[in-house]
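Structural characterization, general
Listed here are the chains, written in short residue letters.
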Amino acid sequence: MGKLTPQEFQNYLKQIRAMAEGPFEELETEVQKTDVFPKAFFDLVKENDLYRCALPEAYGGWGLSDLELMQVQEEYSRGPGGMRMYLHYAMCMNWRILHDFGSEALKAEYLPKFQDGTIFTCFGLTEETGGTGVDLHTTAVRDGDDYIINGEKTLISYAQYCNYAYVFAVTDPEKKQEKLSAFFIPMDTPGLEVLPMPRPMGCRGAGYGKLKFTNLRLPKKFLIGEEGQGLHIAVHTLAVSRAHVAVSNLGISQRMMELSIARAKERVTFGKPLANRQMIQSYLAEMGTYIHALRTMLYDFARDYDAGKEHETKAVMAKYFSILTAQKVSDYMLLIFGGIGYFEDCKYGPVERLYRDCRVTWLEEGPPSVMKLTAARGLLKTDGQLTYLV
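Here goes a summary of the coordinates provided.

Conventions used here
Residues numbered from 1 in each chain as written. Predicted model: local features only at pLDDT ≥ 70, side-chain atom pairs only at ≥ 80, totals over all residues. Heavy atoms only, no water. Disulfide = S-S within 2.5 Å. Buried < 20%, exposed > 50% of the residue type's maximum accessible area, 1.4 Å probe, protein only. Phe/Tyr/Trp six-rings, centres within 6.5 Å; stacked < 30°, edge-to-face > 60°. Helix = DSSP H or I, 4+ residues; strand = E, 2+ residues; numbered from the N terminus. Salt bridge = Lys/Arg side-chain N within 4 Å of Asp/Glu carboxyl O. Expected span 1.5 Å × (residues − 1). Arc of directions from axis to C-beta. Contact = heavy atoms within 4.5 Å.

Quick look at the state of the cysteines now. Under the definition given, this model contains zero disulfides. The thiol sulfur of Cys 92 is not disulfide-bonded, and the nearest other cysteine sulfur, from Cys 53, lies at 12 Å. Residue classification places Cys 92 among the buried residues on the basis of a relative accessible area of 1%. Cys 203 carries a free sulfur, and the closest cysteine sulfur to it, the one in Cys 358, is 8.7 Å from it. Given a relative accessible area of 1%, Cys 203 falls into the buried group.

Following this line, the structure appears as structure tokens:
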């Protein structure tokens with residue numbers, strides 16, 4: 001368990017929950033108005049070791065397993081959605097791409113700087129003029145020992161906060177599976193511009209922006225992996241991240257169910273609490289069943305991932321099921337709260353905001369249609385067989 005004993009880890013989980021539901025919620029009042037994280041948020045992240053805990057010990061981190069990271073993530077996902085998004089990325093994709101595919105020179109130079117947030121990245125894949133995967137139009141043309149990059153990226157979370165960007169671009173348009181390459185680009189490189197985006201529905205403060213590249217010259221040393229390996233890097237990275245989006249829904253859903261139970265116990269109509277009514281009990285039963293099933297799916301994925309086994313199919317299944325879970329739980333929460341749940345500043349907690357925040361996960365790392373398509377491909381490949389570690 002890295003640097004923590006089992007008891008220390010349990011204490012750490014309690015610490016993260018207290019932070020998410022305490023100081024984070026206090027800061028969120030300002031964030032809802034400004035759509036920007038205050039410095040105090042980043043200070044809390046650093047003080048509570050949330051940059052460090054996921055990073056391998058070789059680079060100054062705690063080296064927590066994926067199963068342990070999921071438990072940490074469930075706790076902070078109970079808090080504000082934008083902060084949850086930032087931390088999900090910080091503990092997953094932020095360092096993992098460089099660690100899994102970067103050259104030894106890049107890893108030695110940059111990975112230790114992830115442990116305290118000195119380096120923070122964004123993930124530049126999606127484009128306005130196309131989709132994702134091979135349907136990209138940003139280009140990286142070789143020029144001696146450099147690449148010249150032109151194009152744009154959109155819907156980029158943390159673009160307003162990061163100092164490096166993982167960017168996927170076409171290096172060989174004649175190929176299909178090997179047409180893309182991945183790059184690690186300093187944000188202060190001439191030719192890179194960050195453009196603002198409109199105010200989001202939920203998850204305020206996530207720093208959304210667009211990236212525009214105009215004849216950006218990048219030394220070859222910033223190529224991640226091999227030329228033509230970009231699609232493989234993106235698919236590998238997204239598989240892990242999709243499972244962690246599902247963990248986000250787990251944490252959000254658990255809190256929404258707890259708020260709903262508190263409301264159902266206290267609210268009295270016609271002489272008895274809502275919790276005593278069969279219809280409300282049926283809502284709570286469904287909530288709990290979906291949440292329990294999702295947690296079980298995720299812990300199964302984590303055991304596979306930590307053991308180095310194939311995990312993509314289970315990752316997309318978990319992400320898809322997590323959307324169904326958050327949708328059902330949030331809808332039932334609103335029905336249990338009734339009219340007061342539709343307003344801000346509910347005395348029980350941020351009911352209205354949680355309802356808004358969870359809906360970004362419908363789209364994070366791909367919509368339900370993509371999850372189902374990817375799951376079906378995996379099942380067809382194995383004739384429907386999945387393996388389980390017991």
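The next subject is the packing of aromatic side chains. Under the counting rule described, the total for this entry stands at 30 aromatic pairs. Residues Phe 24 and Phe 41 carry aromatic rings whose centres are separated by 5.3 Å and whose planes lie at 55° to one another, so their mutual orientation is tilted. Of this pair, Phe 24 sits in helix α2 (residues 23-34) while Phe 41 sits in helix α3 (residues 39-47), placing them 17 residues apart in sequence. Accessibility assignment for this pair places Phe 24 and Phe 41 in one class, buried. Relative to Phe 120, the ring of Tyr 86 lies with its centre 4.3 Å away and its plane at 10°, an arrangement referred to as stacked.

Here the focus is the pattern of salt bridges. Inspection of every chain in the model, using the stated rule, returns 25 salt bridges. Several salt bridges converge on common partners, so that one network encompasses Glu 21, Glu 25, Arg 78, Arg 255, Glu 258, Arg 353 and Asp 357.

Here the focus is α2. Across its twelve residues, α2 extends 17 Å between first and last C-alpha, which sits within 8% of the 16 Å expected from 1.5 Å per residue. By the burial criterion, the buried members of α2 are Phe 24, Glu 25, Leu 27, Glu 28, Val 31 and Gln 32. Axial view of α2: buried residues confined to an arc of 155°, hence all on one face. Summarising the geometry of α2, the exposed residues directed more than 90 degrees from the buried face are Glu 26, Thr 29 and Lys 33. On the buried face of α2, the contacting elements are α1 (6-21), α3, α5 (81-90), α8 (230-266) and α11 (351-357). Just past α2, the residue Asp 35 takes up positive phi, approximately 60°.

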